[in-house]
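Here are the chains, one letter per residue:
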Amino acid sequence: MTSTTEKPLTQNMRLDGSFLDLPAYEQTGGYHAIRKVLSGGMTPKAVTAEVKSANLRGRGGAGFPTGLKWSFVPLGKDAPDPTYLIVNADEMEPGTFKDRLLMERDPHQVIEGAMVAAFAIEADIAYIFLRGEYTLAAERLSRAIAEAYQRHYLGKNILGSGYSLELYLHLSAGRYICGDETGLLNALEGKRANPRAKPPFPPVVGLFGKPTIVDNVETIACVPHIINNGATWFRGLGRTQDAGTKLYGVSGKVKRPGLWELPMGTTVREILEEHAGGMRDGVKFRGLLPGGSSTPFIVEQHLDTPMDFTEMPKVGSRLGTGTMIVLDDGTCPVGMTWNMIRFFARESCGFCTPCWSGLGWAERILKSMEDGRGKPGDLDKLASQASMWSPGNTFCALAPGAADPLQSAMKYFRDDFERHISEHRCPWR
Amino acid sequence: MLTAEEINEIEAEAGHYPKREAVCIDALKIVQRHRGWVSDESLRDIAGHLGMSPTDLDSVATFYNLIFRKPVGRHVIMVCDSVSCWIMGCDRMREHLHKRLGIELGETTSDNRFTLLPIVCLGCCDHAPAMMVDGDLHGDLNPQKIDTELEKYK
């Protein structure tokens, strides 16, 4: 049984960077959760109820309650066949580097989480949808899946329980949009990864038209610990009303960029100053994106906000993936915004007009400002474009995600944008 | 013509999906692993093998940035240009690569040794700037380190 520690996801990881193979994972209490449910300890509905009661929310960025999502899947003999469970391992949100650690260092934890989730929704087939560039994660997951089959944790009639599950690793061929829930489904069906219109929602009509749950790697990794230690324990891990621990990361010009598993609701300031060591000598803090490129900037006055799903929206931002990108005073905020909008423009799937047309337009305006060709009225044009990248005007969250850093940058760093135009140059060049 | 080895590998993956055309992305990657890229002829052969039209398959092939529809060098360098790497100086790394290799993004050296491409966030943000050469991730880059690492790829 897993010990009740403050760092359930990372406590067993080795400092030398090697990974836990199956015997090592079992020694740390691994595969106890799946043994518990398969030996008749819990029904699928009881597993979902426990996860719901644990208040586990999606760690991929959207924060949707995981147990609630699972409860939408039809169960029983009359349910459509097969049902699918997909682990979204398409980590590609700029500034985000958390799921890679989980897959590279403790792949069996992800596999066991997928198995318990699959059991809860009575899935027959599970896929890990992994981005193609994560080569080390691919190698270690492949080996771990083979070990799990060999030990009869996967396949037909697992451990004599009557429950069968096939688990496949799918290596993607690129594109950010594959991380979108329904874009991912199309990619897995061998199509262009254009997102789908919703409803119907994937838990009812998903992969190949069958009920499908798509959950992020970090979300899935929490599941065995909830089953082993209970919902009350998991809720108690968080410092605020949001439950569990969170992998928080910091990148940019700080003293110690890195990744730490901390209680959910740890403040931005504690992560930035205590764990990342504060700013490097010679540069000052100006702002940060709390959870990847799709989250709005926050500034100095917001640093004492708990980094969780509930508190971050109160200061106009979001937890997102929980991996912060720090802007310092030696870095141009307009250039940084241009970099992110260029990313979104390039990664647009080309499906919705406000996205494929508007992002490219905004990218060109920002580039012209950086090159000293900005014109009066450009800020109004950017604001007008960004206002059209809202949910309802597009099928997915890509363009709304691009509006967040642009609109917040224009709010907090307006003087810098205006200086680019009035001085006909980038003051940082 | 697809080789027997390529067909075997494609069929092994095809068993993971209930519909045959779902394996087409895996098939493109398998052929590319053997041949370095996906030529028009390879595309037609894969489409024929899976019972798809070449046009449908090409619409998929050209959507995904890790499928190469043009020849590439023996080694592919992918330089991350997403935001954390941008803050940490990826533009300088790219300029160094331009100078050292004498090529721009999307080009291949005349000795066919390297192709240079941009890539989105490699998830190496705490060790930015980063690049990937073939399947190998290299972080904490500076011009000297780039020179040393590239010597390993002949």
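Everything quoted here is computed from the prediction, not taken from an experiment.

1. Side note on the overall build of chain B
Argument step 1. Counting its regular elements, chain B contains 7 helices and 4 strands.
Argument step 2. Reading chain B from its N end, one meets helices and strands in the order α-α-α-α-β-α-α-β-β-β-α.
Argument step 3. Principal-axis analysis of the C-alpha atoms places the extent of chain B at approximately 50 × 30 × 25 Å.
Argument step 4. Within chain B, the proportion of its 154 residues that are buried is 43%.
Argument step 5. Contacts in chain B between residues far apart in sequence, at least 24 positions, make up 54% of those at least 6 positions apart.

2. Here we look at the nonpolar core
Argument step 1. Counting 182 residues, the largest nonpolar core has A:Ala114 and A:Val116 as its most contacted members.
Argument step 2. Once you skip the residues sitting within four places of it in the chain, A:Val116 turns out to touch A:Ala33, A:Ile34, A:Val37, A:Val47, A:Val223, A:Pro224 and A:Ile227.

3. Describing helix 6 (residues 107-120) of chain A
Residue and element names in this part refer to chain A.
Argument step 1. With 14 residues, helix 6 extends 20 Å between its outermost C-alpha atoms, agreeing within 8% with the 20 Å of an ideal straight helix rising 1.5 Å per residue.
Argument step 2. Counting buried residues along helix 6, 14 of its 14 residues qualify, which places the element largely inside the surrounding structure.
Argument step 3. A positive phi of about 55° marks glutamate 122, the residue just after helix 6.

4. Overview of the interface of chain A and chain B
By a widespread convention, an interface's size corresponds to the accessible area lost as its parts come together.
Argument step 1. If you look at the interface, chain A gives 37 residues, while chain B gives 33 residues.
Argument step 2. Ranked by the residues each element gives to the side of chain A that touches chain B, the list is headed by helix 12 (residues 333-347) of chain A, at 5 residues.
Argument step 3. Of the residues assigned to the side of chain A that touches chain B, the class counts are 15 nonpolar, 13 polar and 9 charged.

5. Examining the sheet that holds strand 7 (residues 285-289) of chain A
All names here are of chain A.
Argument step 1. Reading across the sheet, the 4 strands line up as 6-5-8-7 and stay open at both edges, with mixed pairing between neighbours. Among the strands making up the open sheet, the edge pair consists of strand 6 (258-263) and strand 7. Between one strand axis and the next, the sheet turns by 30° as a mean value, whatever way the strands run.
Argument step 2. The pairing of strand 7 with strand 8 (residues 323-328) spans 4 bridges and is antiparallel. Bridge pairing in strand 8 links glycine 287 to leucine 327.
Argument step 3. Against the sheet, helix 11 (residues 268-275) contacts strand 5 (245-251), strand 6 and strand 8, and its axis sits at roughly 55° relative to strand 5.

6. Side note on unusual backbone geometry
Residues and elements named next belong to chain A.
Argument step 1. Of note, the amide linkage connecting lysine 198 to proline 199 takes the cis form, showing an omega dihedral of -5°.
Argument step 2. Mapped onto the fold, proline 199 is located in the loop between helix 8 (181-188) and strand 4 (212-216).
Argument step 3. Here the residue pair proline 199 and proline 200 is connected by a cis peptide bond, since its omega of 0° sits within 30 degrees of zero.
Argument step 4. Examined against the element boundaries, proline 200 turns out to sit in the loop between helix 8 and strand 4.
Argument step 5. One non-glycine residue, histidine 152, lies in positive phi territory at about 65°.
Argument step 6. Along the chain, histidine 152 falls in the loop between helix 7 (135-150) and strand 3 (166-171).

7. Remarks on the packing of helix 14 (residues 358-370) of chain A against helix 15 (residues 378-387) of chain A
Residue and element names in this part refer to chain A.
Argument step 1. Relative to each other, helix 14 and helix 15 sit at 155°, their axes nearing to 10 Å. By the criterion of interaxial angle, the relationship of helix 14 to helix 15 is roughly antiparallel. The element helix 14 and its partner helix 15 pack so that their crossing is left-handed. Packed against helix 14, whose contacting residues are Gly358, Trp361, Ala362, Ile365 and Met369, the element helix 15 presents Asp378, Lys381, Leu382 and Gln385 at the interface.

8. As for the domain arrangement of chain A
All names here are of chain A.
Argument step 1. One can read the domain layout of chain A as domain 1 (22-237), domain 2 (245-328) and domain 3 (333-422).
Argument step 2. Just the C-alpha atoms count here: the centres of domain 2 and domain 3 sit 23 Å apart.
Argument step 3. On the domain 3 side, the residues contacting the 10 residues of domain 2 number 11 residues.
Argument step 4. Broken down by element, the side of domain 2 that touches domain 3 gets its largest block of residues, 3 residues, from strand 7.
Argument step 5. A class-by-class count of the residues in the side of domain 2 that touches domain 3 yields 5 nonpolar, 4 polar and 1 charged.

9. Points about the domain arrangement of chain B
Argument step 1. In terms of domain boundaries, chain B breaks down into domain 1 (4-61) and domain 2 (75-150).
Argument step 2. If you average the C-alpha positions of domain 1 of chain B and of domain 2 of chain B, the two centres end up 29 Å apart.

10. Focus on helix 3 (residues 44-53) of chain A
Residues and elements named next belong to chain A.
Argument step 1. Of all the residues in helix 3, the buried ones are Pro44, Val47, Thr48, Glu50 and Val51. Looking down the long axis of helix 3, one finds its buried residues gathered within 160° of arc, a one-sided arrangement.
Argument step 2. On its buried side, helix 3 packs onto helix 2 (32-41), helix 4 (66-71), helix 6, helix 9 (217-229) and helix 10 (231-237).
Argument step 3. Two residues or fewer after helix 3 comes asparagine 55, characterised by a positive phi angle close to 60°.

11. Some points on the sheet that holds strand 3 (residues 131-133) of chain B
Residues and elements named next belong to chain B.
Argument step 1. Spatially, the 4 strands line up as an open sheet ordered 2-1-3-4, and their pairing is mixed. Single-partner strands in this sheet number two, and they are strand 2 (114-119) and strand 4 (136-138). Each adjacent strand pair in this sheet contributes to an overall mean axis angle of 25°, direction not counted.
Argument step 2. The pairing of strand 1 (residues 75-80) with strand 3 spans 3 bridges and is antiparallel. Considered in strand 3, the bridge of methionine 78 is made with methionine 132.
Argument step 3. The sheet contacts of helix 6 (residues 90-101) involve strand 1 and strand 2, and relative to strand 1 the element is tilted by about 155°.

Cut-offs used in this document
Residues numbered from 1 in each chain as written. Chains lettered and ligands numbered in written order. Predicted model: local features only at pLDDT ≥ 70, side-chain atom pairs only at ≥ 80, totals over all residues. Helix = DSSP H or I, 4+ residues; strand = E, 2+ residues; numbered from the N terminus. Buried ≥ 20, exposed ≤ 12 C-beta atoms within 10 Å, placed from the backbone. Contact = placed C-beta atoms within 7 Å. Core = buried A, V, L, I, M, F, W, Y, C linked by C-beta atoms within 7 Å. Expected span 1.5 Å × (residues − 1). Nonpolar A, V, L, I, M, F, W, Y, C, P; charged D, E, K, R; others polar. Pairing = 2+ DSSP bridges. Axes fitted to C-alpha atoms, helices over the stretch in contact; angles between N-to-C directions. Parallel < 35°, antiparallel > 145°, perpendicular 65-115°, else oblique. Left-handed = near helix turned anticlockwise from the far one by under 90°. Domains from an automatic or database assignment. Arc of directions from axis to C-beta.

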